[in-house]
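The primary structure of each chain is shown beneath.
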Amino acid sequence: MTVLDRTTPTRTASTATTDSPVSASPAPSKAQGAARPIGLGLALAALATVVWSGSFVTSRALADSVPPVQHAFWRWIIAIVAVAPFAARQAWRQRAVLRKHIRFLLLASLLGVTIYNTLVNQAGVTTTAGNMGMIMAASPVLMAVYERLGGARLGARRVTGMLIACAGVLVLVSGGSLSMDFAVGDLWVIAGAVSFGSYSALLKRKPAEIGGLPFLFATFTLGALMLLPVFVASFVIQGGFEPTIGTVSPLLYVGVVSSAIAFFAWNKAISIIGAARAGVIYYLQPVCVALLSFAVLGEAMGWLRVMCMALILGGVVLGSARAKSPTKSLTKSPAKSPAK
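Residues numbered from 1 in each chain as written. Predicted model: local features only at pLDDT ≥ 70, side-chain atom pairs only at ≥ 80, totals over all residues. Heavy atoms only, no water.

1. Notes on the overall build of the chain
Then comes step 1: Looking only at helices and strands, one finds 14 helices and zero strands in the chain.
Then comes step 2: Ordered by position from the N terminus, the helices and strands of the chain form the series α-α-α-α-α-α-α-α-α-α-α-α-α-α.
Then comes step 3: Counting over 340 residues, the chain shows a buried share of 43%.
Then comes step 4: A sequence separation of at least 24 residues applies to 89% of the contacts in the chain between residues at least 6 apart.
Then comes step 5: Carbon and sulfur atoms make up 68% of the accessible area of the chain, which amounts to about 18300 Å² in all. (Helix = DSSP H or I, 4+ residues; strand = E, 2+ residues; numbered from the N terminus. Buried < 20%, exposed > 50% of the residue type's maximum accessible area, 1.4 Å probe, protein only. Contact = heavy atoms within 4.5 Å. Areas by Shrake-Rupley, 256 points an atom, 1.4 Å probe, with all protein chains shown as cover.)

2. Comments concerning the pattern of salt bridges
Then comes step 1: The final tally for this structure, using the stated rule, is one salt bridge.
Then comes step 2: Between Glu 209 and Lys 100 there is a salt bridge whose closest N-O contact spans 3.6 Å. Placement of Glu 209 in the loop between α10 (184-202) and α11 (212-238) and of Lys 100 in helix α5 (residues 95-100) is noted, with a sequence separation of 109 residues between them.
Then comes step 3: For Lys 100, a relative accessible area of 60% puts it in the exposed group. (Salt bridge = Lys/Arg side-chain N within 4 Å of Asp/Glu carboxyl O.)

3. A short note on the packing of aromatic side chains
Then comes step 1: Tallying each qualifying case throughout the model produces 14 aromatic pairs.
Then comes step 2: A ring pair is formed by Trp 52 and Phe 263, whose centres lie 5.2 Å apart and whose planes are at 75°; its orientation type is edge-to-face. Placement of the pair is Trp 52 in helix α3 (residues 30-61) and Phe 263 in helix α12 (residues 245-282), with a sequence separation of 211 residues. With respect to class, Trp 52 is no different from Phe 263; both count as buried.
Then comes step 3: For the ring pair Tyr 199 and Phe 263, a centre distance of 6.0 Å and an interplane angle of 65° mean the geometry is edge-to-face. Of the two residues, Tyr 199 is situated in helix α10 and Phe 263 in helix α12; the sequence distance between them amounts to 64 residues. When sorted by exposure, Tyr 199 lands in the same class as Phe 263, which is buried.
Then comes step 4: One aromatic cluster is present, formed by Trp 52, Trp 76, Tyr 116, Phe 196, Tyr 199, Phe 220, Phe 263 and Trp 266 through successive ring pairs. (Phe/Tyr/Trp six-rings, centres within 6.5 Å; stacked < 30°, edge-to-face > 60°.)

4. Some words on the environment of Trp 266
Then comes step 1: Here Trp 266 is to be found in helix α12.
Then comes step 2: Looking at Trp 266, the relative accessible area reads 0%, which means it is buried.
Then comes step 3: For the pair Trp 266 and Leu 47, spaced 219 residues apart in the sequence, the C-alpha separation amounts to 8.1 Å.

5. Considerations on helix α7 (residues 129-136)
Then comes step 1: Of all eight residues in α7, eight are buried; the element is thus mostly enclosed.
Then comes step 2: Along α7, the residues classified as buried are Ala 129, Gly 130, Asn 131, Met 132, Gly 133, Met 134, Ile 135 and Met 136.

6. Considering the side chain of Asn 267
Then comes step 1: Locating Asn 267 in the fold gives a position in helix α12.
Then comes step 2: Asn 267 gets classed as buried once you look at its relative accessible area, which sits at 12%.
Then comes step 3: Looking at Asn 267, its side chain comes within polar contact range of the side chain of Tyr 199, at 3.2 Å.
Then comes step 4: Every residue in contact with Asn 267, bar those within four places of it in the chain, is listed here: Tyr 199, Leu 203, Phe 215 and Leu 216. (Polar contact = N/O pair within 3.5 Å; in protein donor to acceptor, adjacent residues only side chain to side chain.)

7. Section: the nonpolar core
Then comes step 1: In this structure, Phe 220 and Trp 266 are the most contacted members of the largest nonpolar core, which totals 59 residues.
Then comes step 2: Every element with two or more residues in this core is listed here: α3, α4 (68-93), α5, α6 (102-123), α7, α10, α11 and α12.
Then comes step 3: Residue contributions to this core peak at twelve residues, all from α12.
Then comes step 4: Leave out the neighbours within four places in its chain, and Phe 220 touches Trp 76, Ala 79, Ile 80, Val 83, Val 113, Ser 259, Ala 260 and Phe 263.
Then comes step 5: Within the second largest apolar cluster, six residues are counted, among which are Ala 137, Ala 290, Ile 312 and Leu 313. (Core = buried A, V, L, I, M, F, W, Y, C linked by side-chain atoms within 4.5 Å.)

Structure follows, in structure tokens:
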């Protein structure tokens with residue numbers, strides 16, 4: 001093996017001096033190779049964002065027929081069934097690795113599965129789908145805060161963007177008044193945004209040895225188990241719901257599409273392009289939710305909502321922009337070859 005390693009550069013160098021067509025063809029540039037995974041990551045983040053926009057509409061649509069906790073529980077049961085044929089065998093093979101990182105998996109399951117969607121479903125009882133989408137758009141700002149706590153420096157542009165986005169959220173939930181009389185549902189969504197932002201930031205620490213599908217299967221299962229006692233209490237106190245096309249179809253959508261597909265796409269996007277860049281795509285969610293809620297639920301879009309949408313979108317895009325790194329310290333002048 002050592003001889004091979006030493007002789008390979010010699011053969012390559014000699015081959016490069018020949019006039020063979022293989023050596024004459026230009027090698028693909030690094031920029032072209034890097035553009036492919038970045039484009040894939042952006043596309044996956046966009047897919048998850050559009051799909052999750054529909055989840056806010058279903059949360060609002062099922063608010064009067066399915067109790068929020070039961071909505072969340074059955075969502076994850078359906079998601080587990082959808083993912084199991086593809087992930088159960090891999091999860092079993094990685095059971096030792098999953099057991100090794102059980103604390104990380106429990107925290108990710110609590111934030112991304114048990115808490116986040118349950119709070120959003122609860123919010124749908126007393127606030128509109130449009131409000132939910134716009135408030136959730138501020139969650140990437142929290143990702144920037146976590147970056148700062150982790151040692152990263154936040155420039156004036158990012159801080160200004162966060163302040164603008166927060167102002168948009170405050171104006172939205174207060175109805176344009178200075179009384180700060182928040183609706184209960186808006187407060188639930190703010191808590192959900194904190195949970196989702198924490199979950200997304202936590203994904204940056206996901207151990208590389210855990211595969212994407214085993215991670216989904218494990219977090220879905222653990223999250224549903226942690227939600228089980230609350231589900232039982234809700235069923236005993238509130239009773240169940242009638243399984244009709246109007247209730248089962250939305251549950252199938254949020255279980256299969258919004259959970260199994262969208263979470264896999266979002267997690268994969270973060271592993272490719274990072275939480276900050278994926279968060280930029282997430283800012284499209286308020287626009288998608290507003291259009292869907294207007295088309296499906298008939299929710300009005302007044303001037304206040306449009307103004308808040310502009311504030312939040314402008315603020316979070318500005319706040320997530322990365323400062324340009326200085327090139328002088330990173331770029332080194334090429335060494336001069338010795339004269340022969």
